Amino acid sequence: MFRSRSTTTSASASIDEKKGVDGATPGAVARIEPITEVPEDQDEVELLKLGYRQEFKREFTRLSTISFAFAIMGATSSIASTFNTPLLYGGPASVVWCWFFGTFGCFTLGTSIAEIVSAYPTDGGMYSASAYLVPRKYRGPVGWTVGWLNILGQISAISSVEFSLAGMILSAVSINTDGAYQPTAGQTVGLFVGLLALHALLNSVATRPIAKLTQTFVFINLGSLVAICIACLATCKDFHPASYVFGSAGLSNQTGWSNNGLSFLLGILSVSWTMTDYDGAAHISEEVKKASIAAPAAIFIAVIGTGVCGWILNVVLVLCSGPLDELPGVGGYAMATIIARNVGKKGFLALWFWVCLCAFTVVSTELQACSRTVFAFSRDRGFPDRGLFQRLSGNKVPVFAVLFVVFWAGVFCMLDFASIVAVDAVYAMCALALDSSYIIPIACRLIFRDHPDVQFKPGPFALPPTLSKIFSIIAICWTCFVCVILSLPQIIPVTASTMNYAAPITGFVLLVTGIWYIVYAHKVYHGPRNIVEEERMQAECEVPQVSGEVMKAM
C-alpha cells in the first residue's frame, strides 16, 4: 500500500538587486537567478512542485494527525447526536445494520480519498485535487464546484456538531431534573453562539499548542466510547434478545412512509454524518510532517477505527435500550436516556461529560480544517476578498478565514427556530455536500488519469491499480445512493416543517455560485494557482523594465 516516491527539485527565479526594483541606483544590475538551493524539508519540496510555498509551521506529528482524523469523526458524540434518527425512524435493526453496511461503503470512499490526498498533499484537500485531475480547460469550473461543495459541507458539519453539543449539555440538565427543565430554542442557540465563540478563540492560537492538544483527542474519543460500553453492559438488567438487535423484531416504521425498507434506510444518516469529512486531515497537510504519508494514513486508520468502534457502541446501546416507547426521553437524546437508565444520574453525568468533550474536540478539528480550506480557496482567488481570508496572523493562523466560517456556521444554526426537522436537514446537508465533493475528483481520476494534462502519479499511499479502481467505482456508487437517501423527507406527509431542506439548500448554493462563476469569477479564478511559477514569470517581466531604468540613469 505504501510506495517509495521519487522526488524532483523545483526552481524559481528571483531578482538580485542592491536596493530593490523600485529604488535601483545607477550601476545596479537586475538579473534573473534560478534558485538552486532546494529546501531540505521534503514536504516543502512536494509543496513547491504543486506551486505553493511553505507558509504554515509544520507542527503536526503522525500521532497528532491520526488523533485529528479520529476527532473530526468523533464516533461517540456523533452517534449521540444522530442515534435518534435510525432508532426512531427505522427501528433498532436500522441502527445496527445501516452502520454495519455503511462502514464498508465509507471505507471504500475513505480509502479512495486517502490515495488522492497522498498525491496532492495541500490544504485544499479534495478541492485542489479535483482541479489537478482534469484537463486544463476544465480546471476552473471543476475546482469551483468542488470547492463550494466542500466548504458548504464543512460549515454545515461545524454548525450541526456545535448545535448538538449545545443540545447535549442542556439535555443533561433536563435529565438531572427529571424533565422539570426544558430548554427553549433561544437558550439552545444562545449556548451555541457562546460555544462557537470559544472555538473561534481556540482556533486563533498558534499551531504548536493546537497540535499538542490534538494529540489527546483520540484518547478522549476512544476512551469515552469504551467507558460507555463497559458501564452499560455492567449495569444493564434487561438486555434485549438478538432478534430485537439484529432481526425483524427490531424493525419499526414511524416515518409515515408506506415502504418499510425506505424507513429502514433512513438510518444511513447516522453513519454517513459520523464518517464524513474524511479529508479533514488533508486540510492541515501544510501543517503536517511527512504529509503525503501521514495525512492519508490518518484518514485510512480513522475510517477503520471509527467504523468498528462505532458499530460496537451501536450494538451495546440497542442491547441496553429498554422499551422503545420510552425513547428519546426527557432530554431529547435517546443515547443519553439509555445511559442514564442503566448507570443512574451520577454515572450518566460523569460519562456524558466526556461525550460532550468529544463533541467539543470534533468542532475544534472541523473548524481548523474548514478554515484551511477557505484559506486555500482564497489563495486561488475563489473569493472576492482581495486575499483577506488567506492572510496569516503573526502566529501563522488564517484568523479571517476562521471568522468567516464561524459566521456562516452561526447563520445555519438559525434553522433551529424553524423546526427540529429543519435542523436535521443541516446534518443531511453536511454529508450530502461533502460526499458529493469527494466523488467528483474520484470520478475524474478514473476518467482522466492518463490524459496529457493530468498524468496522475500515485503518492506513497496507494492501492494496487486494479483494487484502487474497484474501490473508486464502489465509492462512487455508494455515495450516489446515499445522496438520494439523504435528500428524502424523513416524515410523511411533507409540510413546511417536515420538509428536508438539504438538497434544496445545496442546489441553491450551487446555482448562485454557478451564476457568479459564469458572470464574473471565471475571469479571476482558474483553479489552483501555481504561485511559484507566477512569481518566476513576474520576475522575468520586471527585468527589462528595471534594465531600462538603469540605462536611463546612466
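Note that the coordinates shown come from a computational prediction; the quantities given were computed from them, not determined experimentally.

Looking at unusual backbone geometry
Right, so step 1: A cis amide bond links Leu327 with the next residue in sequence, Pro328, at an omega value of 15°.
Right, so step 2: Structurally, Pro328 is set in the loop between helix H14 (291-319) and helix H15 (334-379).
Right, so step 3: Geometrically, the link from Ile492 to Pro493 is a cis peptide bond, its omega value of 5° lying close to zero.
Right, so step 4: Counting through the fold element by element, Pro493 comes out in the loop between helix H18 (465-487) and helix H19 (502-519).
Right, so step 5: Of note, Lys290 is a non-glycine position whose phi angle comes to about 55°, a positive value.
Right, so step 6: Checked against the element boundaries, Lys290 lands in the loop between helix H13 (268-274) and H14.
Right, so step 7: Here the phi dihedral of Lys396 falls at roughly 65°; this positive angle occurs in a residue that is not glycine.
Right, so step 8: Positionally, Lys396 belongs in the loop between H15 and helix H16 (399-413).

Section: the packing of aromatic side chains
Right, so step 1: Tallied over the entire structure, the rule returns 33 aromatic pairs.
Right, so step 2: Look at Phe100 and Trp311: their rings are 5.6 Å apart centre to centre, the planes differ by 55°, and that puts the pair in the tilted class. Of the two residues, Phe100 sits in helix H5 (residues 92-119) while Trp311 sits in helix H14, which places them 211 residues apart along the sequence.
Right, so step 3: On the basis of an interplanar angle of 85° and a centroid distance of 5.2 Å, the ring pair of Trp144 and Trp516 is categorised as edge-to-face. Of this pair, Trp144 sits in helix H7 (residues 136-176) while Trp516 sits in helix H19, and the two are 372 residues apart along the sequence.

A few points about the packing of helix H3 (residues 75-82) against H14
Right, so step 1: Where H3 meets H14, the closest approach of the two axes is 10 Å, and the angle between their N-to-C directions is 45°. Here H3 lies oblique to H14, going by the angle between them. Two packed elements cross with a definite hand, and for H3 against H14 that hand is right-handed. Note on element contacts: H14 touches H3 through Thr306, Gly310, Leu313, Asn314 and Leu317, opposite Ala75, Thr76 and Ile79.

Some words on the pattern of salt bridges
When charged atoms on two side chains of opposite charge get close, those side chains can pair.
Right, so step 1: Taken as a whole and judged by the stated rule, the model has 8 salt bridges.
Right, so step 2: Glu55 is paired through a salt bridge with Arg379; the nearest N and O atoms lie 3.9 Å apart. One end of the pair, Glu55, is in the loop between helix H1 (42-49) and helix H2 (62-73); the other, Arg379, is in helix H15, with 324 residues separating them in the sequence.
Right, so step 3: Via salt bridges that share partners, Glu55, Glu286 and Arg379 belong to a single interconnected network.

Considering the confidence of the model for the protein chain
Right, so step 1: For the protein chain, per-residue confidence averages 85 on the pLDDT scale, and residues scoring 70 or more make up 89% of the total.
Right, so step 2: Predicted confidence for residues 2-38 stays below pLDDT 50, and this span has 69 contacts to residues more than four positions away or in other chains.

Some details on H18
Right, so step 1: The first and last C-alpha atoms of H18 sit 33 Å apart over 23 residues, in line with the 33 Å expected at 1.5 Å per residue.
Right, so step 2: Looking at H18, one finds that the buried residues are Ser468, Phe471, Ser472, Ala475, Ile476, Trp478, Thr479, Val482, Cys483, Ile485 and Leu486.

Focus: H14
Right, so step 1: Compared with an ideal rise of 1.5 Å per residue, which puts 29 residues at 42 Å, H14 spans 41 Å between its outermost C-alpha atoms and is within 8% of the ideal.
Right, so step 2: Of all 29 residues that make up H14, 21 are buried, and the element is covered over most of its length.

Concerning the nonpolar core
Right, so step 1: Judged by nonpolar contacts, the single largest core of 153 residues is most densely connected at Phe83, Ile113, Tyr120, Tyr278, Met335 and Trp352.
Right, so step 2: With 19 residues, H15 is the largest single contributor of residues to this core.
Right, so step 3: Setting aside anything within four residues of it in sequence, one finds Trp352 in contact with Ala80, Met168, Ser171, Ala172, Met335, Ala336 and Ile339.

Brief notes about the packing of H7 against H16
Right, so step 1: Between H7 and H16, the least distance of the axes is 8 Å, while the angle of their chain directions is 65°. Here H7 and H16 pass one another in a crossing that is right-handed. Note on element contacts: H16 touches H7 through Phe404, Val405, Trp408, Ala409, Phe412 and Cys413, opposite Leu152, Ile155, Ser156, Ile158, Ser159 and Phe163.
Right, so step 2: In the contact of H7 with H16, the residues fall into 10 nonpolar, 2 polar and no charged.

Let's talk about the side chain of Glu366
Right, so step 1: Mapping Glu366 onto the fold places it in helix H15.
Right, so step 2: Here Glu366 occupies a buried position and makes no salt bridge, while the nearest side chain of opposite charge, Arg372, is found at 14 Å.

Things to note about a nonpolar patch on the surface
Right, so step 1: A surface patch of nonpolar side chains, about 580 Å² in accessible area, is lined by Leu511, Ile515, Ile518, Val519, Tyr520 and Val524.
Right, so step 2: You can see Ile515 is positioned in helix H19.
Right, so step 3: Classification of Ile515 as partly exposed rests on a relative accessible area of 47%.

Side note on the state of the cysteines
Right, so step 1: Taken as a whole and judged by the stated rule, the model has 0 disulfides.
Right, so step 2: This cysteine, Cys229, is not joined by any disulfide, and Cys232 carries the nearest cysteine sulfur, 7.4 Å off.
Right, so step 3: By relative accessible area, which is 7% here, Cys229 ends up buried.

Let's talk about the environment of Tyr438
Right, so step 1: Inspection of the secondary structure puts Tyr438 in helix H17 (residues 420-448).
Right, so step 2: Residue class for Tyr438 comes out buried when judged on its relative accessible area of 0%.
Right, so step 3: C-alpha separation for the pair Tyr438 and Asp277, spaced 161 residues apart in sequence, amounts to 9.3 Å.
Right, so step 4: Not counting residues up to four positions away in its chain, the partners in contact with Tyr438 are Leu109, Ile113, Met126, Asn150, Thr276, Asp277, Tyr278 and Asp279.

Quick word on the environment of Phe56
Right, so step 1: Looking at the secondary structure, you find Phe56 in the loop between H1 and H2.
Right, so step 2: The buried category is assigned to Phe56, whose relative accessible area is 4%.
Right, so step 3: Separated by 342 residues in sequence, Phe56 and Pro398 place their C-alpha atoms 9.6 Å apart.
Right, so step 4: Leaving out residues up to four positions away in the same chain, Phe56 has contacts with Asp123, Glu286, Glu287, Arg372, Phe375, Leu392, Lys396 and Pro398.

About the thresholds
Residues numbered from 1 in each chain as written. Predicted model: local features only at pLDDT ≥ 70, side-chain atom pairs only at ≥ 80, totals over all residues. Heavy atoms only, no water. Helix = DSSP H or I, 4+ residues; strand = E, 2+ residues; numbered from the N terminus. Phe/Tyr/Trp six-rings, centres within 6.5 Å; stacked < 30°, edge-to-face > 60°. Axes fitted to C-alpha atoms, helices over the stretch in contact; angles between N-to-C directions. Parallel < 35°, antiparallel > 145°, perpendicular 65-115°, else oblique. Left-handed = near helix turned anticlockwise from the far one by under 90°. Contact = heavy atoms within 4.5 Å. Salt bridge = Lys/Arg side-chain N within 4 Å of Asp/Glu carboxyl O. pLDDT = per-residue confidence, 0-100. Expected span 1.5 Å × (residues − 1). Buried < 20%, exposed > 50% of the residue type's maximum accessible area, 1.4 Å probe, protein only. Core = buried A, V, L, I, M, F, W, Y, C linked by side-chain atoms within 4.5 Å. Nonpolar A, V, L, I, M, F, W, Y, C, P; charged D, E, K, R; others polar. Lys, Arg positive; Asp, Glu negative; His and termini not counted. Patch = residues over 30% accessible without salt bridge, like charges linked within 9 Å, V, L, I, M, F, W, Y side chains within 5 Å. Areas by Shrake-Rupley, 256 points an atom, 1.4 Å probe, with all protein chains shown as cover. Disulfide = S-S within 2.5 Å.

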